[in-house]
Amino acid sequence: MILTVTPNPALDKFYWLDHLPENLAPSEEGITIRAEKSLTSAGGKGINVSVFLASHGIETVAMGFLGGHTGQIILRDLLAKGVSANFVWIEGENRTNVALIVRGHEYHPIHIHEAGPPIPQEAQAMFLRKYERMLSRASFVVLAGVLPPGLSPDFYWDLAKRAREKGVRVIVHAGGEPLLRTFPARPFLVKPDVRETLQLGELPLRTEKEVIAAGRKAIESGAELCLISHQLTGDILVSADGVWKLEAKVPLSTFRNLVGADDALVGGILVGLVQGMDLLESVRYGMGAAVASAEVEEKFCLDKERILAEMQRVEVRRAE
Amino acid sequence: MRVRDFLRRDLSCLEKDTPLRQAIRFLEDSGLSSLPVVDEEGKVVGVISERDIIRALLPSYVDMLHSTSFLPSLDQLKKKLEEIGNHPVERYMTREVVAVQPEDTDLYAADLMLRKGLKQLPVVDREGRLVGVVRRIDLLSRL
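Calculation criteria
- Within any chain, residue numbers begin from 1 and follow the written order of that chain's sequence.
- Working convention: letters from A go to chains and numbers from 1 go to ligands, in the order in which they are written.
- For this predicted model, a pLDDT threshold of at least 70 governs which residues receive local features, and a threshold of 80 or more governs which side-chain atom pairs are given and counted, while totals over whole chains, interfaces and linings are taken from all residues.
- Under the scheme used here, helices are H or I runs from DSSP no shorter than 4 residues and strands are E runs no shorter than 2 residues, and both carry numbers assigned from the N terminus.
- Two things to know: the radius of gyration comes from C-alpha atoms, and the globule rule equals 2.2 Å times the number of residues to the power 0.38.
- Once C-beta atoms are placed from the backbone, each residue is buried if 20 or more other C-beta atoms lie within 10 Å of its own, exposed if 12 or fewer, and partly exposed for counts between those two.
- Contact definition: two residues whose C-beta atoms, as placed from backbone geometry, lie within 7 Å.
- A pair of strands is considered paired only if DSSP assigns at least 2 bridges between the two.
- To get an axis, fit a line to the C-alpha atoms, keeping to the stretch in contact for a helix; angles then go from 0 to 180 degrees between the N-to-C directions.
- For this classification, under 35 degrees means roughly parallel, over 145 means roughly antiparallel, 65 to 115 means roughly perpendicular, and everything else is oblique.
- Helix crossings fall into two classes, left-handed where the near helix is turned counterclockwise from the far one by less than a right angle and right-handed where it is turned clockwise.
- Just so you know the grouping, Ala, Val, Leu, Ile, Met, Phe, Trp, Tyr, Cys and Pro go in nonpolar, Asp, Glu, Lys and Arg go in charged, and all remaining residues, Gly too, go in polar.

(A) Examining the overall build of chain A more closely. Looking only at helices and strands, chain A has 9 helices and 16 strands in total. Relative to the 2.2 N^0.38 estimate, which gives 20 Å for 320 residues, the radius of gyration of chain A is 19 Å and therefore close to what a compact globule would have. Oriented by its inertia axes, the alpha-carbon framework of chain A measures out at about 60 × 50 × 40 Å. For chain A, buried positions account for 48% of its 320 residues. Long-range contacts, defined here as pairs at least 24 residues apart, represent 65% of the contacts in chain A between residues at least 6 apart.

Right, dumping it as structure tokens:
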């Protein structure tokens, strides 16, 4: 079973627009933007990974904190998609994250993200007891997404340490300080979230050279593997044994919805590993899943044939 | 059809030492009429239902009279909740766990619910650990 932790779940709301108004300056009439199409689904990085895994028939349990009507909708969506749910209920309302996708500019969506409800101490204690129990059933745990108010930046480090003590492999799919602090707990794989800042700690991630240097730093600090996205269609995998560059040969114009593509990548890697592929093939499968998902309007492409076809277009080469 | 084909994979549950007042909030949030109670290993050791809690809040003479018509108001229940709200659910849960396994048939689950008068059943694996729940509506909606 693969356990995913999403401390800050969200209801993802996508709007597709023909165009954005050229002038967004305040006017007397206000500004109305009409969406051509919309889509709603349970979200948050760990939840997305669970949804992807469940679509492949892999047993997965999603954990985190739910609250309010939004929490009820998230739970209902997850259960309908075959994900086992083990959440702690809190006061307040889960966040709604909005993505505006303008036709012709699908690879540059506009995001509006809420902070999420604060997590009280009592709920954290309850969560930790549930987490400890679920660890005994898990082969992997995925710690994913931004932390909501009220959680310490050491939250993921604590969870990673507890998992490691029980021999469960940890994937950290997050960013900022909470990610950096997990390194001493020796996670199996770290996948830094670089959507908002192209940095890993103090290290910049603009060029290939910088990405490799940052990946090596992550390995020196304790992570076994570090996978960093480089430009939209590339990833760089760093381990103690070497560096590999992976490139999906696809034009950006084929992309329809990028939200969730990096979660499909992590989900795809796990599918590969669980199904017995070696590490590089698993990462290739993950990249195939990410590209195939970016090419459909729904959050994920669940067509395995299409994922395999995209996987074949992913080139791998060992870096110097 | 097997239980695994239509179970609700909701692992909402309470621990034995969860205070009764918190259990009420959890029942409300989960939308379920009862919640499994688990031990440290995640094994289901009891079930706490709305009915169990109401029974715990009612004065003991109601049981003897088989009627609540003698209650002057709900204030008595409120007072009782203040008194026992911090007690662990373990004290009030039903210890006889009526559960099904994922491999059981829909007919077996339906029969169990009817015979025992239950609105829902926990689903457990071979080790007795919670893997989901089956509600009456889950069966009805598939007819």
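There's more to say after this.
(B) Structural view of the pairing of strand E5 (residues 130-135) of chain B. Residues and elements named next belong to chain B. Burial analysis of E5 places 6 of its 6 residues in the buried class, the great majority of the element. Relative to E5, strand E4 (residues 120-124) is paired through 5 bridges, and the arrangement is antiparallel. In the strand pairing of E5, Val123 is matched with Gly132. Where E4 folds back on E5, the antiparallel hairpin that results is connected by 5 residues, among which Gly128 adopts a positive phi of roughly 85°.

(C) Inspection of the interface of chain B and chain A at higher detail. With 10 residues of chain B at the contact, the number on the chain A side is 10 residues. For the side of chain B that touches chain A, the element with the most residues is helix H2 (residues 20-30) of chain B, which contributes 3 residues.

(D) Region of the structure containing the sheet that holds strand E1 (residues 14-15) of chain B. All names here are of chain B. Spatially, 3 strands are ordered E1-E2-E3 in an open sheet, and the strand pairing comes out mixed. Strands at the two margins of the open sheet, each flanked by one partner only, are E1 and strand E3 (44-49). Here 5 bridges tie strand E2 (residues 34-38) to E3, and the two strands are oriented antiparallel to one another. Each bridged residue has a counterpart across the sheet, and for Pro36 the counterpart in E3 is Val47. H2 contacts E1, E2 and E3 of the sheet and is inclined by roughly 125° relative to E2. Its contacts with the sheet place helix H3 (residues 50-57) against E2 and E3, and it is angled at close to 70° to E3.

(E) Layout of the environment of Glu96(B). Residues and elements named next belong to chain B. When you line up the elements, Glu96 lands in the loop between helix H5 (75-84) and helix H6 (106-116). Note on Glu96: 8 C-beta atoms within 10 Å, which makes it exposed. Distance in space between the C-alpha atoms of Glu96 and Arg51 is 15 Å, their sequence separation being 45 residues.

(F) Main features of the packing of helix H8 (residues 279-294) of chain A against helix H9 (residues 304-312) of chain A. Residues and elements named next belong to chain A. Contact geometry for H8 and H9: axes closest at 7 Å, N-to-C directions at 115°. Comparing the axis directions of H8 and H9 gives the class roughly perpendicular. The way H8 lies across H9 gives a crossing that is right-handed. Here Arg284, Tyr285, Met287, Gly288, Ala289, Val291 and Ala292 of H8 lie close against H9, whose contacting residues are Arg306, Ile307, Leu308, Glu310 and Met311. Each residue belonging to the contact of H8 with H9 can be placed in one class, and the counts come to 8 nonpolar, 1 polar and 3 charged.

(G) A look at H2(B). When H2(B) is considered as a whole, its buried residues turn out to be Leu20(B), Ala23(B), Phe26(B), Asp29(B) and Ser30(B). Lining the buried residues of H2(B) we find strand E5 (84-89) of chain A together with E1, E2, E3, H3 and H5 of chain B. Of the residues flanking the end of H2(B), it is Gly31(B), one or two places downstream, whose phi is positive at about 75°.

(H) Looking closely at the sheet that holds strand E9 (residues 169-173) of chain A. Residues and elements named next belong to chain A. Pairing within the open sheet is mixed, and its 10 strands lie in the order E5-E4-E1-E8-E9-E10-E13-E14-E15-E16. Both edges of this open sheet fall to E5 and strand E16 (314-318), since each of them pairs with a single strand only. Bridge analysis of strand E1 (residues 2-6) against strand E8 (residues 140-144) gives 4 bridges, and the strand direction is parallel. Counted as the bridge partner of Ile2 is Phe140 from E8. Its contacts with the sheet put helix H2 (residues 68-80) on strand E4 (60-66) and E5, and the angle it makes with E5 is roughly 165°.

(I) Spatial organisation of the environment of Val124(B). Residues and elements named next belong to chain B. Tracing the backbone through its elements, the reader meets Val124 in strand E4. Take Val124: there are 21 C-beta atoms within 10 Å of it, and that puts it in the buried class. A sequence separation of 23 residues divides Val124 from Gln101, and the C-alpha atoms of the two residues are 5.2 Å apart. Residues within four places of Val124 in sequence aside, it is in contact with Val44, Ala99, Gln101, Arg129, Leu130 and Val131.

Any link to function would need more than the numbers given here.
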